[in-house]
Amino acid sequence: MKLKYLVIHCTATPEGRNVTADDVDMWHRGAKRHDDGSATFLGRRMPVAELPNHFLTLPSGKKVRADQTNGNGWRRRGYSRIWLLDGTEVQTAYYNNDGWVQNDEMTNGAAGYNAQSRHVCYVGGTEQNNIKIAKDTRTQEQHKAMADYCIKTRRQHPHIEVIGHNDLNPSKACPSFDAKAWFSEIWRKQTRFVNTAS
Ligand SMILES: [Zn+2]
């Protein structure tokens, strides 16, 4: 389908906690055990005893054996880009920029919307001592990297809507800030800058 949404997420981890893109991938694509002795791994149901025959390749390139993982069992990664605390942008899924979401470009960020979305995520999003309390914990470096990315993406895809996960699913606190308001503010600023400079 046509790319319609750029959806911002958070990892819902405590402020300042160092979470890697490999960690996030293991939460999403790690094996999920079921009560009946089976497991789901990369979207496939199998006996738990088969897990050691399967491997997960993480964003860093590291491989882990499926029985050493514990996650949602998803076939797809959750996001296409993740911003670490220091602002580093990690590519977690491939896409081209043709304005369509091909099947192999899809990620799993919001049920029902994945076929028309690109999902991106920053590390953080909750209070340091209570992960039940949503908080905009973006570091200056994350802020800058995300602003650059979102502006670049909007220039490439003028019709894309930059939104938060909670705009698609109001029962979620993710990404712990008002993504629409944030983006319209930074977009307005950069437009003004471009106008006065030219
Ligand atoms: Zn989310």
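Residues numbered from 1 in each chain as written. Predicted model: local features only at pLDDT ≥ 70, side-chain atom pairs only at ≥ 80, totals over all residues.

Q: Let's hear about the pairing of strand β5 (residues 44-47): which residues, and what values?
A: Regular strands place side chains that alternate from one sheet face to the opposite one. Inspection of the sheet shows strand β4 (residues 38-41) paired to β5 by four bridges, in the antiparallel sense. Looking at β5, one finds that A39 is bridged to M46. Between the end of β4 and the start of β5, which pair antiparallel, lie two residues, with L42 showing a positive phi angle near 50°. (Pairing = 2+ DSSP bridges. Helix = DSSP H or I, 4+ residues; strand = E, 2+ residues; numbered from the N terminus.)

Q: For the domain arrangement of the protein, give the residues involved together with the corresponding values.
A: Each domain of the protein was delimited in the assignment, giving domain 1 (5-27 + 76-197) and domain 2 (32-68). The straight-line distance from the C-alpha centre of domain 1 to that of domain 2 is 27 Å. Facing six residues of domain 1, the contacting portion of domain 2 comprises four residues. When its residues are assigned to classes, the side of domain 1 that touches domain 2 shows three nonpolar, one polar and two charged. (Domains from an automatic or database assignment. Contact = placed C-beta atoms within 7 Å. Nonpolar A, V, L, I, M, F, W, Y, C, P; charged D, E, K, R; others polar.)

Q: Lay out the nonpolar core with the relevant residues and their values.
A: In terms of nonpolar packing, the biggest core is built from 27 residues, with I82, W83 and A179 touching the most fellow members. Listed by contribution, the elements that provide at least two residues to this core are β1 (5-10), α1 (21-29), β8 (81-83), β10 (117-122), α2 (140-156), β13 (161-164) and α4 (179-197). The greatest single-element share of this core, amounting to five residues, is contributed by β1. Setting aside chain neighbours within four positions, we find W83 in contact with E89, Y122, V123, Q142, A145 and M146. (Core = buried A, V, L, I, M, F, W, Y, C linked by C-beta atoms within 7 Å. Buried ≥ 20, exposed ≤ 12 C-beta atoms within 10 Å, placed from the backbone.)

Q: Please set out α2 residue by residue, giving values where relevant.
A: The terminal C-alpha atoms of α2, which comprises 17 residues, lie 24 Å apart, in line with the 24 Å expected from a rise of 1.5 Å per residue. All of the buried residues in α2 are Q142, A145, M146 and C150. For α2, the angular spread of the buried residues around the axis is 125°, confining them to a single face. Turned more than 90 degrees from where α2 packs its buried face, Q140, K152 and R155 sit exposed. (Expected span 1.5 Å × (residues − 1). Arc of directions from axis to C-beta.)

Q: Describe the sheet that holds β4, listing the residues and the values that go with them.
A: Strand order in this open sheet of three strands is β3-β4-β5, and the pairing throughout is antiparallel. Both outer strands of the open sheet, β3 (32-33) and β5, are each paired with one neighbouring strand and no more.

Q: An account of α1 is requested, with residue identities and associated values reported.
A: Along α1, the positions that sit buried rather than exposed are A21, V24, D25 and R29. Buried residues along α1 cover an arc of 105° about the axis, so they all sit on one side. In this fold, the buried residues of α1 make contact with β6 (55-57), β8 and β9 (89-91).

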